[in-house]
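Read off the chains here:
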Amino acid sequence: MKIEVLTLFPEMFAALDSSLMGKAKENGIYELNCHNIRDYSTDKHKKCDDTPFGGGAGMVMTPQPIHDCISSVDPEHKSLRIFMSPRGKRLEQKIVRELSEQNNILILCGHYEGVDQRIIDMDIDMELSIGDYVLSGGELPAMVLIDSILRYVPNVLGNSQSTADESFSDSLLEYPQYTRPQDFNGLTVPEVLISGNHKNIERWRKEQSLMITKTNRPDLLEKK
Ligand code: SAH
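Residues numbered from 1 in each chain as written. Predicted model: local features only at pLDDT ≥ 70, side-chain atom pairs only at ≥ 80, totals over all residues. Heavy atoms only, no water.

**Points about the site of the ligand**
Rules: What makes a residue near a molecule or strand is one non-hydrogen atom of that residue sitting within 4 Å of it. Nitrogen and oxygen atoms within 3.5 Å of one another constitute a polar contact, given that in protein one can donate a hydrogen and the other can accept it, and given that sequence-neighbouring residues count only through two side-chain atoms. Note on areas: Shrake-Rupley with a 1.4 Å probe; residue coverage comes only from the protein chains shown. Working definition: helices are DSSP H or I runs of at least four residues, strands are E runs of at least two. Numbering for both runs from the N terminus. All residues other than Ala, Val, Leu, Ile, Met, Phe, Trp, Tyr, Cys, Pro, Asp, Glu, Lys and Arg, Gly among them, are scored as polar; the first ten of these are nonpolar and the last four charged.
As a matter of local geometry, the ligand sits amid 20 residues, with Met 84, Gly 110, Glu 113, Tyr 133 and Leu 135 nearest to it. At 3.1 Å, a backbone N or O of Ile 130 approaches a nitrogen atom of the ligand. Gly 138 places a main-chain nitrogen or oxygen 3.4 Å from an oxygen atom of the ligand. When the ligand sits alone it has 560 Å² of accessible area, and the protein chains cover 85% of it. Only β5 (80-90) and β7 (126-129) provide two or more residues apiece to the shell around the ligand. With 4 residues, the single largest contributor to the shell around the ligand is β5. Considered class by class, the residues forming the shell around the ligand number 10 nonpolar, 9 polar and 1 charged.

Printed below as a string of structure tokens:
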């Protein structure tokens, strides 16, 4: 998978060089290219934002540098072009799974009050939000998207079972997990997990999943 990121702050993406995502990049499972939108500005001061027409607070990212950057990075529109935006469709596991099958993804990160609407109309295929709250830039949302997608790309997670069993995989949240020691400060692991009886373990986990989902996310059960 090849991911192109368009941002005013490419240095933020160093966060993806650690842990599983870092390993996946090292192993050539995916390629991440960060492009600095500012490099494409034809303004003599490399300006990339301006005040909004119609008035109002904040600055809006100007269309010229973004359009030129997109046209240079993806001249034949081979990538699925995503703009991270609180106005977008809300990201959920189903979309993540579908996106993990793409070969080429381009992600545009907004900043300030966002980008000129004409960029969205002209150059963008899909707007995605990571949740109903507003962040100061699209960089963290882009990293959330990249991490969530890559977990579904083969050989990124150590154990291919990991995505099959976890929260949201069947509209339920995951059951509680325990590891060694069996007794930690007097708190012990549920008996069933050390019983060796796999049928009972499976039943216990299903019950726990249902209970946790009912308490924390009843909306998921309704959906199911
Ligand atoms: N004025 C805009 C918010 C701009 S926030 C509005 O009210 O809709 C600046 C940038 O941060 C956005 O352009 C977007 O790229 C990013 N961003 C902020 N919150 C986000 C979210 N929940 N999901 C995805 N991107 C987000």
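**Observations regarding the pairing of strand β2 (residues 31-36)**
We apply this condition: Two strands are counted as paired when DSSP detects at least two bridges linking them. Crossovers are described as right-handed under a simple rule: with the strands pointing away from the observer, the path leading from the first strand over the helix to the second runs clockwise.
Pairing between strand β1 (residues 2-7) and β2: 6 bridges, direction parallel. Opposite Thr 7, over in β2, you have Asn 36 as the bridge partner. Handedness of the crossover joining β1 and β2 through helix α1 (residues 19-26): right-handed.

**Considering the state of the cysteines**
Test applied: The disulfide definition used here is simple: a pair of cysteine sulfur atoms within 2.5 Å. Burial classification: accessible surface area is computed with a 1.4 Å probe over protein chains only, and a residue below 20% of its type maximum counts as buried, one above 50% as exposed, and the rest as partly exposed.
Using the criterion set out here, one finds 0 disulfides in the structure. With no disulfide of its own, Cys 34 lies closest to Cys 109 among cysteine sulfurs, the gap being 8.1 Å. Accessibility expressed as a relative area gives 30% for Cys 34, which makes it partly exposed.

**Things to note about α1**
One full turn of an α-helix is made of 3.6 residues, so residues set three or four places apart face in the same direction. Defined as follows: The reported arc concerns the directions from the helix axis to the C-beta atoms and nothing else. By definition, residues are in contact when any of their heavy atoms lie within 4.5 Å.
Where α1 is concerned, the buried positions are Met 21, Gly 22 and Ala 24. For α1, the angular spread of the buried residues around the axis is 160 degrees, confining them to a single face. With respect to the buried face of α1, the exposed residues turned more than 90 degrees away are Ser 19, Lys 23 and Glu 26. Tucked into the core, α1 has its buried residues touching α5 (139-150). Where α1 ends, the next residue or the one after it, Gly 28, has phi of about 75 degrees, a positive value.

**A short note on a nonpolar patch on the surface**
Quick note on the threshold: What goes into a patch is any residue over 30% in relative accessible area without a salt bridge, connected to like charges within 9 Å or, for nonpolar side chains (Val, Leu, Ile, Met, Phe, Trp, Tyr), within 5 Å. Whenever Lys or Arg places a side-chain nitrogen within 4 Å of a carboxyl oxygen from Asp or Glu, that contact is recorded as a salt bridge.
The grouping of Met 12, Tyr 133, Leu 135 and Leu 140 at the surface amounts to a nonpolar patch, some 370 Å² of accessible area in total. Summarising the element assignment, Tyr 133 is placed in the loop between β7 and α5. Residue Tyr 133 is classed as partly exposed on the basis of its relative accessible area of 46%.

**Here we look at the sheet that holds β1**
Counted only if it meets this: Orientation is described by axes fitted as lines to C-alpha atoms, over the contacting stretch for helices, and by angles from 0 to 180 degrees between their N-to-C directions.
The parallel open sheet is built from 5 strands, whose spatial order is β2-β1-β6-β5-β7. The open sheet terminates on both sides in strands that have one partner only, identified here as β2 and β7. On average, adjacent strands in this sheet sit at an angle of 30 degrees to one another, irrespective of strand direction. In the sheet, β5 pairs with strand β6 (residues 104-109) via 5 bridges, with the strands oriented parallel. Note on β6: the bridge partner recorded for Ile 82 is Ile 107. Contacts from helix α2 (residues 63-73) reach β1, β2, β5 and β6, with the element oriented near 165 degrees to β1.

This is a description of form; function is not addressed.
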